[in-house]
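# Understanding the architecture of this molecule
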Amino acid sequence: MTMIKRGFAALAAGALSTALAMPAFAEPVKFDFWFGLSGDLARVVDTMCKNFNASQSDYEVVCTSQGNYDATLQNTIAAFRAGKQPTVVQVYDVGTATMMLSGAYKPADKLMEENGYKIDYADYFPGIARYYATSKGEMLSFPFNSSTALMYWNKDAFAKIGKTEAPKTWEDVGADLQAMKDAGYECPMAINISANESWQLMEQFSAIHNQPVATKNNGYDGLDARLEVNKTKFVQYVTDLKKWYDSGLIKIKSKDLGQDMVQAFASGTCQVILTSVGDHGTVGRTQKEGMNWDVAELPVYAGTERKNSLVGGASLWVLSGKSDAEYKGAAAFLNFIHDPKTALFWSTNTGYIPVTKSGFDYMKGQGFYDKAPYKGRETAIASLTASEPTEVTRGVRLGNFTQIRAEFGTQMQAIFANKVSVQEGLDTLVKNGDAILDRFQQTYPGKTLP
Amino acid sequence: MEKRVTFSSWTIGILFAVPQLLLIFTFFYWPAGQAVYWSLTLQQPWGGGNIWVGLDNFRSILANADYWNSITASLVFAGISTGLAMFIALVLAALTDRQLAGSRLYRVVLIWPYGIAAPALALAFRFILAPEAGFLSVVNRMWPGIWDPGLDGADAMASIIVAFSWKYVGYNFIFFLAAFQAIPRSLIEAAAMDGSGVIRRFWDIQFPLITPTIFFLLVINITESFQDSFGIVDIMTSGGPANATNLMVYKIYSDGFKGLDYSGAAAQSIILMLLIILLTIFQFRFIERRVHYG
């Protein structure tokens, strides 16, 4: 019924020219935006929504946090099946393949075009844009909160071993960690090995080294892609990490154990971590008094030509089945977020990076990266733009990727607990991961990724 | 002539039962039926295409080593935590049933744990059992790495068993205490006058008389350990490390909700349901024979 009503409303709205738009006394068109951030970040999103609502009087976005990324996708699917979906929804990077086959969205670039907004897609950093674009380059969703992985290093600890720069190769990392251990540091480097760390350990590592995670160009070329991480440089990496763990150079830090790796770094307990630039603000706010630290690009193995790292975070999808008026609002909202001024607000308050060159330039022009708490964040842009994206550094587009990441966590734990060898663990990861991919392919028979 | 509306007892019965039946149908049989249907199809998460695959979902689950691992973990968890929770509760109830100074206070204290919600309880235990900051960090300082639920599967299993048992000790205690109090004092006093000791009185008089309660609690505890363990696992271990605590009920959740594999999760929930039914039948057939209903 509401659909019919909405249909009429849309017809009526359509009858008016865009110039006339709505009469001044009209109620603003309300539409829903669901997102997965919580806590501090959710408050920033709320402020951004208020700013949008205050910036014009035609639309009113109602922003609701669903708690986390998983829950946002689950709730959106449930709502969609019941015909009560939000207009705009934030979906995390690994949900991209699932979204693309859902048939439940309105392509973001079409939406903008239909509503008269001209977006310069070449302005997006290519590493970010291609993660969310079709193989033909159409932007199905708009990047929202973007990040990439960096190495955080404690300058004081490195000074103790006579180093003033972050190690650039993994070989150097190994030597430096050993030197720090010899200098009496109990935890030279902290890692965690749950599903979440698949991002920096497996996906980012593979991209920077131009190694595939899966066949078919990481899944971009077909649903029949299969994992390959048991025979790429990744095997060497896991072998080294395990070796360093065994000799006490690396400690596992997680919330379950009482302290996660970001806390371990900020408190000065551990000297090196690999995590998202999104944590830059947290480390700055919670660091031990007087501690000197900085961020650097993730190291590579000696002799590797560095490629761009992958984008992480989430993008905004516009769902199908909404009225034209709501779509107009959604388009205005996306355009607002795309604005460099919003990028500055967003990055200042979160730690996420601007997604467009113009946003980045605007922020640079405002002196953002020269100020103390934000200094170093430009490293993330350097890492993302280290090269033109290759076939395997565009991103990872695999179905049910959440389950594959869970399998990554499981096998890493088995490897680190000495239950299996590195090769056995990665072979099992590939075998079980392939079964997950098989299942995804069976669920969507005859379909291909756009 | 006065006309009297008459109902056969059969219709009246049905009429009274209808509201109840409707509720049960809506909230139990209908979703259960839906689960059966989903388990025989491949559901696309966003709706739209559903493919009939017959028993394929069951075949692929039963061929999956992780699933068997999850069944084993569930059985180990159910066995140990039920045993612990019942034994401790039984001992405590037997003790507080006696005329001890302050036994009223003990009763209240022992009943409380059951009132605590699983997530709050699990959070508390997560802090208590954290290897570096918690209660056991002392042990770790003496023997580094001896307590490591983050990597050691057995330690992780032990943590969730402790948390779950702790909660059900309170629940079981209430029933055991009631059972003990229902035993006529005269029986025990007579035995005491005949010169039998505390232990003898317990085994020969009290224990046989509370077997119905023991049996009831056994059925409930086992069923709950399969179903109510979810919150504790989710907060304390998330099924890890390396699937060591990936109990059946948690695997259903993570495959279905996080992994969006609705059909696989539906098939698993059917298997879990069958397993619980089987276990219950087994208990009624083989254990109930030993129960003495006084």
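Residues numbered from 1 in each chain as written. Chains lettered and ligands numbered in written order. Predicted model: local features only at pLDDT ≥ 70, side-chain atom pairs only at ≥ 80, totals over all residues. Heavy atoms only, no water.

Chain B has the name sn-glycerol-3-phosphate transport system permease protein UgpA in an unreviewed UniProt entry, where Mesorhizobium loti R88b is given as its organism.

As recorded in an unreviewed UniProt entry, chain A goes by sn-glycerol-3-phosphate-binding periplasmic protein UgpB and comes from Mesorhizobium loti R88b. Quoted verbatim from the Sequence similarities (unreviewed entry) heading of the UniProt record, the comment on chain A is "Belongs to the bacterial solute-binding protein 1 family." You can read under Subunit (unreviewed entry) in the UniProt record for chain A the words "The complex is composed of two ATP-binding proteins (UgpC), two transmembrane proteins (UgpA and UgpE) and a solute-binding protein (UgpB)." (UniProt positions renumbered as here; feature names shortened; annotations may be inferred.)

Let us look at the overall build of chain B. Secondary structure summary: chain B contains 12 helices and 2 strands in total. In chain B, the succession of helices and strands from N to C terminus is α-β-β-α-α-α-α-α-α-α-α-α-α-α. Relative to the globule expectation of 19 Å for 294 residues, the C-alpha radius of gyration of chain B, 24 Å, shows a markedly less compact shape. In terms of overall dimensions, chain B has C-alpha extents of about 90 × 75 × 30 Å along its principal axes. Burial status across chain B gives 45% buried among its 294 residues. Partitioning the intrachain contacts of chain B with sequence separation of at least 6 by distance along the chain shows that 68% fall at a separation of at least 24. Carbon and sulfur atoms make up 70% of the accessible area of chain B, which totals about 16,100 Å². (Helix = DSSP H or I, 4+ residues; strand = E, 2+ residues; numbered from the N terminus. Rg over C-alpha atoms; globule rule 2.2 N^0.38 Å. Buried < 20%, exposed > 50% of the residue type's maximum accessible area, 1.4 Å probe, protein only. Contact = heavy atoms within 4.5 Å. Areas by Shrake-Rupley, 256 points an atom, 1.4 Å probe, with all protein chains shown as cover.)

Residue and element names in this part refer to chain B. A surface patch of nonpolar side chains, amounting to about 910 Å² of accessible area, comprises Ile-24, Phe-25, Phe-28, Tyr-29, Trp-30, Met-273, Leu-274, Ile-277 and Ile-281. Among the elements of the structure, helix H1 (9-39) and helix H12 (262-287) are those that each provide at least two residues to the nonpolar patch. Sorting elements by how many residues they give to the nonpolar patch places H1 first, with 5 residues. Along the chain, Met-273 falls in helix H12. (Patch = residues over 30% accessible without salt bridge, like charges linked within 9 Å, V, L, I, M, F, W, Y side chains within 5 Å. Salt bridge = Lys/Arg side-chain N within 4 Å of Asp/Glu carboxyl O.)

The interface of chain A with chain B comprises 38 residues on the first partner and 32 residues on the second. Interface of chain A and chain B: buried area, both sides summed, is about 2,900 Å²; carbon and sulfur atoms make up 54% of it. When residues of chain A are sorted by the area they lose upon contact with chain B, Arg81(A), Leu257(A) and Arg439(A) head the list and together hold 23% of the total. Inspection of the region where chain A meets chain B yields 1 salt bridge. (Buried area = accessible area lost by both parts, 1.4 Å probe.)

This part covers the state of the cysteines. All names here are of chain A. Taken as a whole and assessed by the stated rule, the structure comprises 2 disulfides over all chains. Between the sulfur atoms of Cys-187 and its disulfide partner Cys-270 the distance amounts to 2.0 Å. Its torsion about the S-S bond being 100 degrees, the disulfide of Cys-187 and Cys-270 is classed as right-handed. Taken as a pair, Cys-187 in strand S7 (residues 187-191) and Cys-270 in strand S9 (residues 270-276) lie far apart in primary sequence, 83 residues in all. Neither Cys-187 nor Cys-270 differs from the other in exposure class; each is buried. Numbered by order of appearance in the sequence, the disulfide-linked cysteines of chain A pair as 1-2, 3-4. (Disulfide = S-S within 2.5 Å.)

Residue and element names in this part refer to chain B. Looking at chain B, the domain boundaries give domain 1 (1-53) and domain 2 (56-290). Its C-alpha centre places domain 1 at a distance of 33 Å from the equivalent point of domain 2. Of the residues lining the interface, 10 residues belong to domain 1; the matching set on domain 2 comes to 10 residues. Carbon and sulfur atoms make up 65% of the area that domain 1 and domain 2 hide from each other, which totals about 890 Å². Contact with domain 2 buries surface across domain 1, with Ser-39, Pro-45 and Val-53 losing the most and accounting together for 49% of the total. Linking domain 1 to domain 2 there are 5 residue pairs in polar contact (both at pLDDT 80 or more). (Domains from an automatic or database assignment. Polar contact = N/O pair within 3.5 Å; in protein donor to acceptor, adjacent residues only side chain to side chain.)

On to the nonpolar core. Of all hydrophobic cores here, the largest spans 83 residues; its most connected members are Trp170(A), Leu177(A), Phe234(A), Tyr237(A), Leu398(A), Phe416(A) and Trp46(B). With 7 residues, helix H19 (residues 422-443) of chain A is the largest single contributor of residues to this core. Residues Ile119(A), Phe144(A), Val262(A) and Ala325(A) belong to the second largest nonpolar core, which totals 70 residues. (Core = buried A, V, L, I, M, F, W, Y, C linked by side-chain atoms within 4.5 Å.)

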